[in-house]
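Next come the chains, spelled out residue by residue.
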Amino acid sequence: MTNRPTDPIRLHAAARPDHAAIVDLERGITLGYAALHRRIAQAVAVLAAEAIGVGDRVAVLARNRADYVVLHMACARLGAILVALNWRLTPAELVPLIADSEPALIIGDASIALLPDAVAAAHSLIDFDSFAARIDGATPDDRQGSDEDLPSLMLFTSGTSGQPKGALLSEKNLFLSSASFVMMTGVSIDSVFLCDSPLFHVLGLVTNVRAPLMVGGTVLISGGFDPATTLTRLSDPALRVSHYTCVPQMAEMLRRQPGFDPQKLKGLGVVTGGAPNPPPKIREWLADGIPLGNGYGMTETGSLCGMPLNIALIEQRIESAGPVTPVVELRIADAADQPMPPGAHGEIQIKGASLFSGYWRRPDANASAFSPDGFFRTGDVGRLDEAGYLYIALLAFPGLSEAAVVGVADPQWGEVGAAAVVLRDGVSATEADLHAHCAGLLARYKIPKRIAFMAHLPRNGAGKVLKADLRHHFMGG
């Protein structure tokens, strides 16, 4: 027996048909829930005419637009998998991802013209504007989908630790991950999200889109992040933006814009993810009366924690990533995958129905990613306090702005931990200071054996630390 898929759009189309669901800011298009439901059904008809069915992959290589979301929802109703490709990658980097996912279709904007001739010869490439025109004229196919446990989305990991892996997310995974964010940040029918995070990233297509659409809110789709444009939109009383989710670097760029005026941002709540936001940066927003808190999640897990958008609570636990959502079980584990008590530092491990279905065609990676009792190994070190709030370990050191730990080859031990750290302006510290700090928090074998002080951490366009670059640095490259 299969489980019918979770489809909030169908519900909201009946309950609030004219309420704005998606606004495409670049194209001046607004879709109410009834119109969005119909357009998804039209996209289903177009994909079905291309013989797309259960398990088939439809790759998208395009910047943010409303029909990107429509296409994802249509794939879900067909039991197909949308493969979200990162348009920031070079053609040489995209080729192995396309070969790995073997899409039946590749739909894209101008980016697809840059793909090698061999890719074009082996796959059906369709221009997004042409595809959108076909949707306009299609007769709706109002099928309900087949099974909530079927994957409907493949998001590639950032590749910070090596070759990107395709993480498979089912409709159940996505629904529960969205529910986590809704509960943590008070999302409602009146919420308005500005989404300028790329839709090929979990922060874009899941957090910024699926969460508000789940409860009948509104998503403003921006073509991408531009500090001046984003600040103007966040400050526009006509847009009424209530939620903005981004990486810390984006939040910092907004604050440094010449037109930054906190009085125009009243009613806005900001959640930063992808990396911990240092407490001094958070305090700047709180002092302006704007709640900004850390969140924690991954491509494989969706939203796990997030500070409630309450200034007093954020001030009380400014270094925390927030309380653990009830849809997952989170534990701090030792090297033997055994749970540790509150206050102890260890690996953050996750179990629950919001977790991804597994890595596409990576049985070895799937086997190593989970403990024997089914917990996903995040590779991050943290602790839980008595109230269930999560803290990421290394950033507790006073004066530390950023940090990342990677494993590097060692002739004696095979592999040891190496930490790259960035100090705040005006702060000085030595390797001995960091070792002493870690000694009070971590078991001896977990303390980084090597520490490098850097001006900034290497990051990709989504704000993720490029761990492969850090390993290259530590190995003398």
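Residues numbered from 1 in each chain as written. Predicted model: local features only at pLDDT ≥ 70, side-chain atom pairs only at ≥ 80, totals over all residues. Heavy atoms only, no water.

*Asks:* I'm lost on the pattern of salt bridges in this one. Help?
*Replies:* Close approach of charged atoms lets side chains of opposite charge pair. Counted by the stated rule, this structure contains 23 salt bridges. Where Glu252 meets Arg256, a salt bridge forms, and the shortest distance between an N and an O atom there is 2.7 Å. Here Glu284 makes a salt bridge to Arg255, at a shortest N to O gap of 3.2 Å. Of this pair, Glu284 sits in helix H11 (residues 279–287) while Arg255 sits in helix H10 (residues 248–255), and the two are 29 residues apart along the sequence. (Salt bridge = Lys/Arg side-chain N within 4 Å of Asp/Glu carboxyl O. Helix = DSSP H or I, 4+ residues; strand = E, 2+ residues; numbered from the N terminus.)

*Asks:* I would appreciate a short explanation of the sheet that holds strand S7 (residues 151–156) in the present structure.
*Replies:* Two pairing modes exist for strands in a sheet, parallel and antiparallel, and in both the strands are linked by backbone hydrogen bonds. Sheet architecture is open: seven strands sit in the order S6-S5-S3-S4-S7-S8-S18, paired in mixed fashion. Pairing within the sheet leaves two strands with one partner each, and these edge strands are strand S6 (124–127) and strand S18 (358–359). Examined bridge by bridge, strand S3 (residues 57–61) and strand S4 (residues 81–84) share four bridges and lie parallel to one another. Directly across from Val60, in S4, lies its bridge partner Ala84. Sheet strands in contact with helix H3 (residues 66–78) are S3, S4, strand S5 (105–108) and S7, and its direction is about 145° off that of S4. (Pairing = 2+ DSSP bridges. Contact = heavy atoms within 4.5 Å. Axes fitted to C-alpha atoms, helices over the stretch in contact; angles between N-to-C directions.)

*Asks:* Teacher, can you tell me more about the state of the cysteines here?
*Replies:* In protein structure, a disulfide is the covalent linkage between the sulfur atoms of two cysteines. Applying the stated criterion to the full structure yields zero disulfides. Cys195 supplies the cysteine sulfur nearest to Cys75, a cysteine that is in no disulfide, at a spacing of 18 Å. We classify Cys75 as buried; its relative accessible area is 0%. Unpaired in this structure, Cys195 has its nearest cysteine sulfur neighbour in Cys246, at a distance of 11 Å. Residue Cys195 is classed as buried on the basis of its relative accessible area of 0%. (Disulfide = S-S within 2.5 Å. Buried < 20%, exposed > 50% of the residue type's maximum accessible area, 1.4 Å probe, protein only.)

*Asks:* Which parts of the structure should I look at to understand the packing of helix H1 (residues 8–15) against helix H2 (residues 33–49)?
*Replies:* Relative orientation and spacing of two packed helices are given, respectively, by the angle between their axes and the distance between those axes. Look at H1 against H2: their axes get within 7 Å of each other, and the N-to-C directions meet at 135°. One element, H1, and the other, H2, form an angle in the oblique class. As for how H1 packs across H2, the hand of that crossing is left-handed. Of H2, the residues touching H1 (which contributes Ile9, Arg10, His12 and Ala13) are Tyr33, Ala34, Leu36, His37 and Ile40. Each residue belonging to the contact of H1 with H2 can be placed in one class, and the counts come to six nonpolar, two polar and one charged. (Parallel < 35°, antiparallel > 145°, perpendicular 65-115°, else oblique. Left-handed = near helix turned anticlockwise from the far one by under 90°. Nonpolar A, V, L, I, M, F, W, Y, C, P; charged D, E, K, R; others polar.)

*Asks:* Which parts of the structure should I look at to understand the side chain of Ser354?
*Replies:* Looking at the element boundaries, Ser354 is found in the loop between strand S17 (346–351) and S18. According to the relative accessible area criterion, Ser354 is buried, its value standing at 1%. Each residue touching Ser354, except ones within four places of it in the same chain, is listed here: Asn173, Leu176, Ser177, Glu300, Thr301, Val327 and Val328.

*Asks:* Is there a simple way to explain the packing of aromatic side chains in this structure?
*Replies:* Aromatic rings in a pair are described by how distant their centres are and how their planes are angled relative to each other. For the structure on display, the rule yields seven aromatic pairs. In textbook terms, an aromatic cluster arises when at least three aromatic residues are bridged by ring pairs, as seen for Phe356, Tyr359, Phe370 and Phe376. Its end group placed over the ring of Tyr359, Lys165 keeps NZ or CZ at 5.0 Å from the ring centre. One Lys or Arg, Arg383, reaches over the ring of Tyr391 and ends 4.1 Å from the middle of that ring. (Phe/Tyr/Trp six-rings, centres within 6.5 Å; stacked < 30°, edge-to-face > 60°. Lys NZ or Arg CZ within 6 Å of the ring centre and 35° of its normal.)

*Asks:* Mind showing me how you'd approach helix H4 (residues 91–101) here?
*Replies:* Because each turn of an α-helix spans 3.6 residues, side chains separated by three or four positions end up pointing in the same direction. All of the buried residues in H4 are Leu94, Leu97, Ile98, Asp100 and Ser101. All buried residues of H4 fall inside an arc of 160° around its axis, so they share one side. For H4, the elements touching its buried residues are S3, S4, S5, helix H5 (117–122) and S7. Of the residues one or two after H4, Glu102 is the one with positive phi, at around 45°. (Arc of directions from axis to C-beta.)

*Asks:* Sorry if this is basic, but what is going on with the pairing of strand S11 (residues 243–246) here?
*Replies:* Taken residue by residue, a regular strand's side chains alternate between the two faces of the sheet. Alternating positions in S11 separate into two faces, His243 and Thr245 on one and Tyr244 and Cys246 on the other, with burial throughout. In the sheet, S11 pairs with strand S12 (residues 269–272) via four bridges, with the strands oriented parallel. In the sheet register, His243 faces S12, and the bridge partner there is Gly269. In terms of handedness, the path from S11 via H10 over to S12 forms a crossover that is right-handed. (Right-handed = clockwise from strand over helix to strand, strands pointing away.)

*Asks:* Would you mind showing me how to read the pairing of strand S1 (residues 20–24) here?
*Replies:* With four of five residues buried, S1 is to be regarded as a mostly interior element. Pairing between S1 and strand S2 (residues 29–32): four bridges, direction antiparallel. Paired with Asp24 across the strands is Ile29, a residue of S2. One ladder, built from three bridges, connects S1 with strand S10 (residues 218–221); its direction is parallel.

All we've got here are geometric facts, nothing functional implied.
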